[in-house]
Amino acid sequence: MRLLLPALALPALLAAQPAQQVNASRADTLRTAGLTAPVEVLTDAYGIAHIYAQNEHDLFFAQGYNAARDRLFQFELWRRQATGTVAELLGPDEVERDIGARLFRFRGDLDREFAHYHPRGGAIIRAFTDGVNAYIAEARRSPATLPLEFRLLGTLPEPWTPDVVISRHAGLLANVREELNYGRAVHAVGEATVRRLEHFHPRQPRLALDSAIDGALLSRDILARYNAFRRAITFRPEHIVASAARGTPDAFAALSRAAQEAQRAMETDERRDIGSNNSVIHGSRSSSGWPLLANDPHRAIGAPSLRYWAHLVAPGWNVIGGGEPTIPGISIGHNEHGAWGLTIFTTDAEDLYVYTTNPANPQEYRYKGGWERMREVVDTIRVKGERVRIVTHRFTRHGPVVFEDSATRTAYAVRAAWMDIGGAPYLASLRMNQARTWEEFLAACAYSHIPAENMIWADRTGTIGWQAVGIVPIRKAWDGLVPVPGDGRYEWDGYLPMLQRPSEVNPARGFIGTANANLTDPFTYPHMDAIGFTWADPFRQNRVNEALAANPRVTLADMIALQHDVTSLPARQLVPLLRHVRSSDPTVERARTLLLGWNQQLAPESIAAGVYVAWERRLMRDLSALMIPRAARPHLSSLGMTRTIDFLIAAAPELASEAGPGATAVAGRDSFVVRTLARAVADLTTQLGADMDDWQYGQPRYKHALVRHPLSAAVHDTLRARLDVGPAPRGGNAYTVLAAGAGNNQTSGASFRLLVDTYDWDRAVGMNVPGQSGNPDSPHYRDLFSLWARNDVFPVYYSRDLIEQHTRRREVLAPGR
């Protein structure tokens, strides 16, 4: 039974819990059942806990305990989403989410699953979970000390089980949503048109729908349950137990609209440019003579941060870096031998299967000429304010059934490689954490299935390397980008072995840079057809490699500057289109002249950058409306930047209409760029006023970062100010190395950074925005935001001597009750 906190009066909710005053020279002793020996925890000025344990069990117990202490509400949301128990807290609107979560939970052998991630994975995951539960037990005994969110929602954190750790719900999984939309678009406008509009590469995929599929039926909400379990939780004012703390309906509606716009912008980023930047520099090209490594993964930016720093020290372990706080180990970091990082590498690990069901029994589907029965699992879902609901989950041989229609005798199921053993995101990093050589790192990479990544390595022997990882189904009958019949004609032929995926070690150029764009070709890699066709636009990756190639002696400061680079490569190609055109409007002409003299830097203080981004957005929006047939727009919402540039530079025939009857495509293109610039000027005038001096790019009314808390829209202004962080002006956009997203508010990008010089591990620097803690009352909740906003980093200490010098809180976790 769920225990509830009593509703608190508004003053109690508003009162921040006092920060603990700690004498860093004296260790506080905390006793907790489950440890076998004392563990030291030294927390530095930036909130990083350096954990020193005497054995492996206690190390991961302490990691779980400390992470839960810093991120308790984040842990509780993770647990509820993983277990499908959100409706128990928030009511019937969340039932579909819970059904989806339970449909897609891992149902295999847990011992084999845990052992995949590390030879002692079961013991490590259970120790981590025990540590989480030890802190939860303490928090439940003193509910008045719980973080603000629990008091606002009137609830308590619940214990974890080891299977919560391996949940796939928050992972970067694959492309089944895009696959359904491509299928819908092909039905609407044909295979050739979809190929022309989308930037598939390195070759064109097969997109024709099988004749057994009725494309008209694809328009239904087939993936509702899949989408429900994958989306973030939305909290509303009625979820807040103290009515005086709730936001007004008008404020909630306005904030929800803003959140939806931000979500759409982030989904645009995810569809085309979600991922990361990383690079490694050989010692022959570094100023220190030793390899350098830099990584800035790009994900949603929120409060608390997605990632969490930790330093784990015990016999056989000395690893520091970041990862998702809800899993043991370090995903991005270094040990005493080498450093590693990651960016997304495109693979297609999901497929949507369409079945014909038996008219005499809709729980049977056609397979290889016969009828095969779906497997059924009966489940109960607790719903706040209602009786328990009884639901039945169904599964075909391929996976969870997400939609059924007895009237048309169709059913749909998702086959997901990440539901196989080894599909928990990032957990295989446990093996990487102990790698001592490139060869050991490669062996560890073989276990990294989800997400697919460009893994990079730099070590103290001078080796740098890159290995593409991720589970890759081999499809011989099709290319995986549209739904297919589940009748047995479209089966996977195993998975691509890791050694057949792209890799590189110590290249002659002296560096490796990846940023989610295509690094493969169909000639070098014979299994290319098994990997992917939809990659990020190449602009970030090209800029990283351009900068590294131009610098024969790279410093760590150069790497920091490159992570924050705001050079727009699209602007280099688009702005020259304005050179030979004119506008009769003096303000538009001033904007045109300003862009022609601009340096293509999307700097926050730049007025030209403000004009350019407004124009770039108008170009993409208006060209998408011109080029995408109306019937396809619900499924192909916009052109990507590569296609936008292609159509403009080559003057697509459709552009001729912009200049009137009988005009050429080039004349139409020229009219189009002037008209869109005029519209951009009008947009900026409406948004920022008529004075062009007020159009600087980085400002609260234009490009900025306001980091939102999940409860932000549900509470009143005073509490919202306590939960949210910012705003601060930003530069860059979705196509710059400083990946700042497509919208005005930066809701995605690099919240975490790591940069390492292997010459001296104590030279490493990093970032984690807005802070290490998820507790709004903690001094480490927002303390890193100002550093991040000014494109700065903090030192990441590794040696015990330096850690001791910079310790701000010293604790001993001791066995006991």
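Only a predicted model underlies this, so the values are computations on that prediction, with no experimental measurement involved.

Asker: Give me the lowdown on the side chain of Arg 236, citing residues and values where you can.
Answerer: With respect to the helices, strands and loops of the structure, Arg 236 is situated in the loop between helix 12 (224-230) and helix 13 (249-272). At a separation of 2.6 Å, a polar atom in the side chain of Arg 236 contacts the side chain of Glu 238. Setting aside anything within four residues of it in sequence, one finds Arg 236 in contact with Asp 93, Phe 252 and Ala 714.

Asker: Hey, could you go over the pairing of strand 27 (residues 752-757) for me, with residue numbers and the actual values?
Answerer: Most of strand 27 is tucked away: six of the six residues are buried. Bridging between strand 5 (residues 292-300) and strand 27 involves four bridges; their strand directions are antiparallel. When the sheet's bridge partners are listed, Leu 292 is paired in strand 27 with Asp 757. Sheet analysis places strand 27 next to strand 28 (residues 765-768), joined by four bridges and oriented antiparallel. Paired with Arg 753 across the bridge in strand 28 is Met 767.

Asker: Help me get a handle on the sheet that holds strand 7 (residues 317-323), residues and values and all.
Answerer: The mixed open sheet is built from eleven strands, whose spatial order is 1-30-2-3-6-7-8-9-17-18-22. The outermost strands of the open sheet, each flanked by one partner alone, are strand 1 (28-32) and strand 22 (503-505). Pairwise comparison of adjacent strand axes, ignoring direction, gives a mean angle of 20° for this sheet. Bridge count for strand 9 (residues 338-344) against strand 17 (residues 453-459) is seven bridges, and the pairing is antiparallel. If you follow Gly 338 over to strand 17, its bridge partner there is Asp 459.

Asker: Can you lay out the packing of aromatic side chains for me, pointing to particular residues and giving the numbers?
Answerer: To describe a pair of aromatic rings, one takes the distance between the centres and the angle between the planes. Within the structure shown, the criterion is met by 28 aromatic pairs. Measuring from ring centre to ring centre gives 6.0 Å for Trp 309 and Phe 794, while their planes differ by 65°; the resulting arrangement is edge-to-face. Taken together, the residues span a long stretch of sequence, with Trp 309 in strand 6 (residues 308-314) and Phe 794 in strand 29 (residues 794-795) at a distance of 485 residues. The residues Trp 309 and Phe 794 share a single accessibility class, namely buried. When the ring centre of Trp 788 is taken as origin, the NZ or CZ atom of Arg 730, which lies over that ring, is 3.9 Å away.

Asker: Describe the packing of helix 20 (residues 607-627) against helix 22 (residues 665-688), naming the residues involved and giving the relevant values.
Answerer: In contact at an axis separation of 8 Å, helix 20 and helix 22 are set at 120° when each is read in the N-to-C sense. In terms of orientation, helix 20 and helix 22 fall into the oblique class. Like other packed secondary-structure pairs, helix 20 and helix 22 cross with a definite hand, here right-handed. Contacts from Gly 610, Val 611, Ala 614, Trp 615, Arg 618, Leu 619, Arg 621, Asp 622 and Leu 623 of helix 20 reach helix 22 at Phe 672, Val 673, Arg 675, Thr 676, Leu 677, Arg 679, Ala 680, Asp 683 and Leu 684.

Asker: Before we move on, could you go through unusual backbone geometry and cite the residues and values that matter?
Answerer: Note the cis peptide between Gly 726 and Pro 727, where omega equals 10°. Mapping Pro 727 onto the fold places it in strand 25 (residues 725-729). One non-glycine residue, Tyr 426, lies in positive phi territory at about 70°. Along the polypeptide, Tyr 426 turns up in the loop between strand 16 (410-416) and helix 14 (429-432).

Asker: Could you give an account of helix 6 (residues 110-117), naming the residues involved and the relevant values?
Answerer: Looking only at helix 6, the buried set comprises Glu 113, Phe 114, His 116 and Tyr 117. On an axial view of helix 6, the arc spanned by its buried residues comes to 150°, and they lie on one face. More than 90 degrees from the buried face of helix 6, the exposed residues found are Asp 111 and Arg 112. Where the residues of helix 6 are buried, they touch helix 7 (121-141), helix 9 (162-165) and helix 14. Sitting at the head of helix 6, Asp 109 places a side-chain oxygen 2.9 Å from the backbone nitrogen of Asp 111.

Asker: Give me the lowdown on helix 3 (residues 72-83), citing residues and values where you can.
Answerer: Under the 1.5 Å per step criterion, the end-to-end length of helix 3 is 16 Å for twelve residues, consistent within 8% with the ideal 16 Å. A large share of helix 3 lies buried, amounting to eleven of its twelve residues. For helix 3, the full list of buried residues reads Leu 72, Phe 73, Gln 74, Phe 75, Glu 76, Leu 77, Trp 78, Arg 79, Arg 80, Gln 81 and Ala 82. Tucked inside the fold, the buried residues of helix 3 contact helix 2 (56-70), helix 4 (87-90), helix 5 (95-103), helix 7, helix 8 (148-153) and helix 9. Just past helix 3, the residue Gly 84 takes up positive phi, approximately 65°.

Asker: With reference to specific residues and values, describe a nonpolar patch on the surface.
Answerer: Among the surface-exposed residues, Val 378, Val 388 and Ile 390 lie close enough to one another that they form a single nonpolar patch of about 290 Å² accessible area. Tracing the backbone shows Val 388 in the loop between strand 13 (375-381) and strand 14 (389-395). We classify Val 388 as partly exposed; its relative accessible area is 41%.

Asker: Lay out the nonpolar core with the relevant residues and their values.
Answerer: Membership of the largest hydrophobic core comes to 124 residues, with the highest contact counts inside it found for Phe 235, Leu 427 and Phe 441. Looking at this core, the element that brings in the most residues is helix 7, giving nine residues. Ignoring sequence-local partners within four residues, the contact set of Leu 427 consists of Tyr 117, Ile 125, Val 165, Ile 166, Ile 327 and Pro 328. Within the second largest apolar cluster, 60 residues are counted, among which are Leu 207, Ala 591, Met 627 and Val 681.

About the thresholds
Residues numbered from 1 in each chain as written. Predicted model: local features only at pLDDT ≥ 70, side-chain atom pairs only at ≥ 80, totals over all residues. Heavy atoms only, no water. Helix = DSSP H or I, 4+ residues; strand = E, 2+ residues; numbered from the N terminus. Polar contact = N/O pair within 3.5 Å; in protein donor to acceptor, adjacent residues only side chain to side chain. Contact = heavy atoms within 4.5 Å. Buried < 20%, exposed > 50% of the residue type's maximum accessible area, 1.4 Å probe, protein only. Pairing = 2+ DSSP bridges. Axes fitted to C-alpha atoms, helices over the stretch in contact; angles between N-to-C directions. Phe/Tyr/Trp six-rings, centres within 6.5 Å; stacked < 30°, edge-to-face > 60°. Lys NZ or Arg CZ within 6 Å of the ring centre and 35° of its normal. Parallel < 35°, antiparallel > 145°, perpendicular 65-115°, else oblique. Left-handed = near helix turned anticlockwise from the far one by under 90°. Arc of directions from axis to C-beta. Expected span 1.5 Å × (residues − 1). Patch = residues over 30% accessible without salt bridge, like charges linked within 9 Å, V, L, I, M, F, W, Y side chains within 5 Å. Areas by Shrake-Rupley, 256 points an atom, 1.4 Å probe, with all protein chains shown as cover. Salt bridge = Lys/Arg side-chain N within 4 Å of Asp/Glu carboxyl O. Core = buried A, V, L, I, M, F, W, Y, C linked by side-chain atoms within 4.5 Å.

Structural measurements only, silent on function.
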